[in-house]
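Commentary on secondary and tertiary structure
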Amino acid sequence: MRVLMLVATTVATDTRVLREATTLVEAGHFVHVIGRSVPDDFVPPAGITVSSIGTSSVFRAEGTPSLTGLKLPPHMRFARWLLLPQHRNSAFGRWADGAIADGREREFDIVHAHDFTALRAGATLADERGVPLIYDTHELWSGRPREYRPTPLLDRRERAQEAELGSRADAVITVGEGVANALRDRYGWEHVSVVRNTFPTAAQLVDTEEHGARGLIYAGRLAAYRELETVADASERLAHLGLPVTLRGPADPTWLASFDKKATRLELPCAPEEVTGHLAAAGLVLVTHSDKWENHRLALPNKLFHAVQAGVPVVATDVGELAATVRRYGLGTLYTPGDPDSLVEAARAAVADYAGLTQAVRDAAPELSWDTDGARLLEVYARLAHRSPQTVDEGE
């Protein structure tokens, strides 16, 4: 089948989109991705084609520098907080309109819309062409963190639109049972499948048990609501235990401007395959987020599954689905969110039981890998294949 994927990201760093697209190509499908402000020098994996719709809004034209990260005076910070919802809605709305126009010029047998921001465009194109629609929601959209003024009317409109368009989708995919159950309860959906953000099985694991825990590493976006302030508060004591803390990843400049890193070491982001080596070298992985937002209580972060791929135990926040998964498989130790003392004790416990935790991670790896979740994705496509009015020989 010819698959049209829509995602309002740059694609280049969207591991879920690229992993799903690669799996579909390897299964014989053709995949074209319409992204948002994709870098000119991005080269997609073999067999995947990509086009780009620019980022603009009524408040800021494409290419205009953002105010994000600047130390603004109080009145400018207030204006940004006040206007950010309108800017985001305008930018995503213009992207969706551009994606629809781009998609109308292409041939496809199925539309795969990633996240709520692509749902309207995906539903429009699927309806016009009479082909199946997959809604792939990477989070509980209505429960995500907000860093702008309250928008209760907009929130209600978005929930109503998600309920309507998601109900019309032929399949809904999401990242974990927590989000899946919330969607079932909230909208009465019975067509939700779980495809987690797992990683392919590593070709060869570093013998982390032999070397033990030599540090703690957080690899992911550095931003608000990720417990990084708690990590920093614990960092000096952790360093005294022989566990220096590294925070590696792209940073939100606004958040970073006021972050006191204390004894943590900040490192630039790198390619996912390079991150695996850094996780193994440290020996313990921090998987952290706050307990403030519903989406955090339901989330299963990529970082958890990346640690499993590397064969490394975790020190994780004792919150919701994340904590339940760590307990179920024995993947590491847990600490109370916002409590640096609890974090230090969890790290001590992980060092004390390092051999047992490492073995548990390796035992869980086959089930918590992309071998399992990629097969789930292909099952969804197999169910929908007969419903598409168009086929091509090479994709069958």
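Our subject in this report is the structure included herewith. Note that residues are indexed from 1 along each chain, following the sequence as it is written. Totals for whole chains, interfaces and linings use every residue, but because this is a predicted model, local features are given only for residues with pLDDT of at least 70 and side-chain atom pairs only at 80 or more, for both listing and counting. In computing side-chain properties, one takes all heavy atoms of the structure into account and sets aside hydrogens as well as water.

What to know about the overall build of the protein
Helix and strand counts for the protein come out as 15 helices and 13 strands. Note on contacts: a residue pair qualifies if any of its non-hydrogen atoms lie within 4.5 Å across the two residues. When contacts within the protein are restricted to residue pairs at least 6 apart in sequence, those whose partners lie at least 24 apart make up 69%. Split by element, the accessible area of the protein, about 17300 Å² in all, is 52% carbon and sulfur. The numbering of helices and of strands both runs from the N terminus, where a helix is a DSSP run of H or I of at least 4 residues and a strand a run of E of at least 2. Accessible surface area values rest on a Shrake-Rupley calculation with a 1.4 Å probe, where residue burial reflects the displayed protein chains alone.

Observations concerning helix α5 (residues 177-187)
Burial classes follow relative accessibility: with a 1.4 Å probe on protein chains only, a residue under 20% of its type's maximum area counts as buried, one over 50% as exposed, and anything between as partly exposed. Those residues of α5 that sit buried are G178, V179, A180, A182, L183 and Y187. G188, located one to two residues past α5, shows a positive phi value of around 70 degrees.

Thoughts on the nonpolar core
L6, W95, V111 and L133 are the most contacted members of the largest nonpolar core, which has 38 residues in total. Breaking this core down by element, the ones donating at least two residues are β1 (2-7), α2 (74-104), β4 (110-114), α3 (116-129), β5 (133-137), α5 and β7 (192-194). Considering each element in turn, this core owes the most residues, seven residues, to α3. Once residues within four sequence positions are removed from consideration, W95 is found in contact with L6, V7, A8, I34, G35, R36, I53, T117 and A118. Nonpolar cores were defined as sets of buried Ala, Val, Leu, Ile, Met, Phe, Trp, Tyr and Cys residues, with membership established by side-chain atoms within 4.5 Å.

Focus: the packing of aromatic side chains
Stacked, tilted and edge-to-face are the three classes applied to pairs of Phe, Tyr and Trp rings, where Trp contributes its six-membered ring and a pair requires centres within 6.5 Å; stacked means planes under 30 degrees apart, edge-to-face means over 60, and tilted covers the rest. Under the defined criterion, the tally for this structure stands at five aromatic pairs. Taken together, a centroid distance of 6.4 Å and an interplanar angle of 80 degrees make the contact between Y135 and W189 edge-to-face. With Y135 in strand β5 and W189 in the loop between α5 and β7, this residue pair connects regions lying 54 residues apart in the sequence. A single burial state applies to Y135 and to W189, both of which are buried. With a centroid separation of 4.7 Å and 40 degrees between ring planes, the pair formed by Y187 and W189 is classed as tilted.

Overview of the sheet that holds strand β8 (residues 215-219)
The parallel open sheet is built from six strands, whose spatial order is β10-β9-β8-β11-β12-β13. Bordering the open sheet on either side are β10 (265-267) and β13 (332-335), each of which pairs with just one other strand. On average, each strand axis in the sheet is inclined to that of its neighbour by 25 degrees, with strand direction left out of account. For two strands to pair, DSSP has to find at least two bridges joining them. Summarising the sheet, β8 and strand β9 (residues 245-248) pair through four bridges and their orientation is parallel. Counterpart to I217 in the pairing with β9 is T246. Interaxial angles span 0 to 180 degrees and are taken between N-to-C directions of axes, which are lines fitted to C-alpha atoms, for helices over the stretch in contact. Set on the sheet, helix α7 (residues 228-240) makes contact with β8, β9, β11 (283-287) and β13; between it and β9 the angle comes to about 150 degrees.

Focus on the environment of R94
Along the polypeptide, R94 turns up in helix α2. R94 gets classed as partly exposed once you look at its relative accessible area, which sits at 40%. Each C-alpha atom of the pair R94 and T55 lies 7.9 Å from the other, and the pair is 39 residues apart in sequence.

As for the side chain of D115
In this structure, D115 sits in the loop between β4 and α3. In this structure, D115 is buried with no salt-bridge partner, the nearest side chain bearing the opposite charge being R16 at 7.5 Å. The term polar contact refers here to a pair of N or O atoms within 3.5 Å; inside protein, the definition further demands a hydrogen-donor-capable atom paired with an acceptor-capable atom, and it admits residues adjacent in sequence only when both atoms are side-chain atoms. Looking at D115, its side chain comes within polar contact range of the main-chain nitrogen of H138, at 2.8 Å. Not counting residues within four places of it along the chain, the set of residues in contact with D115 comprises Y135, D136, T137, H138 and E139. Positive charges come from Lys and Arg, negative ones from Asp and Glu, while His and the chain ends are left out of the count. Each reported salt bridge corresponds to a side-chain nitrogen of Lys or Arg within 4 Å of a carboxyl oxygen of Asp or Glu.

A closer look at the packing of α7 against helix α13 (residues 340-352)
Running from N to C, α7 and α13 cross one another at 50 degrees; their axes reach a closest spacing of 8 Å. Of the possible angle classes, the one that applies to α7 and α13 is oblique. For the pair α7 and α13, the crossing hand works out as right-handed. Between α7, through T230, V231, D233, A234, R237 and L238, and α13, the contact on the second element is made entirely by P340, D341, L343, V344 and A347. Gly is placed with the polar residues, together with every amino acid not listed as nonpolar (Ala, Val, Leu, Ile, Met, Phe, Trp, Tyr, Cys and Pro) or charged (Asp, Glu, Lys and Arg). A breakdown of the residues in the contact of α7 with α13 according to their chemical character gives seven nonpolar, one polar and three charged. Any angle that is under 35 degrees is reported as roughly parallel, and any over 145 degrees as roughly antiparallel; angles of 65 to 115 degrees are reported as roughly perpendicular and all others as oblique. Should the near helix be turned anticlockwise from the far one by less than a right angle, the crossing is left-handed, and should it be turned clockwise, the crossing is right-handed.

Overview of the packing of helix α9 (residues 272-282) against helix α11 (residues 302-310)
At their nearest, the axes of α9 and α11 sit 9 Å apart, and the two run at 70 degrees to each other. Considered as vectors, α9 and α11 are oriented roughly perpendicular to each other. In this structure, α9 meets α11 at a crossing whose hand is right-handed. Across the interface between the two elements, P272, V275, T276, L279 and A280 of α9 pack against H306, A307, Q309 and A310 of α11.

Quick notes on the sheet that holds strand β3 (residues 48-53)
Here seven strands make up an open sheet; going across it, the order is β3-β2-β1-β4-β5-β6-β7 and the pairing parallel. The two strands at the open ends of the sheet, each matched to only one other strand, are β3 and β7. Taken pair by pair, the neighbouring strands of this sheet meet at an average axis angle of 20 degrees, ignoring direction. Running over the sheet, helix α1 (residues 15-26) touches β1, β2 (30-36), β3, β4, β5 and β6 (171-174) and is turned about 180 degrees from β1.

Notes on unusual backbone geometry
For V11, which is not glycine, the phi torsion reads 70 degrees and is therefore positive. Mapped onto the elements, V11 comes out in the loop between β1 and α1. Take V11: its relative accessible area is 0%, and that puts it in the buried class. Although it is not a glycine, E227 adopts a positive phi angle of roughly 65 degrees.

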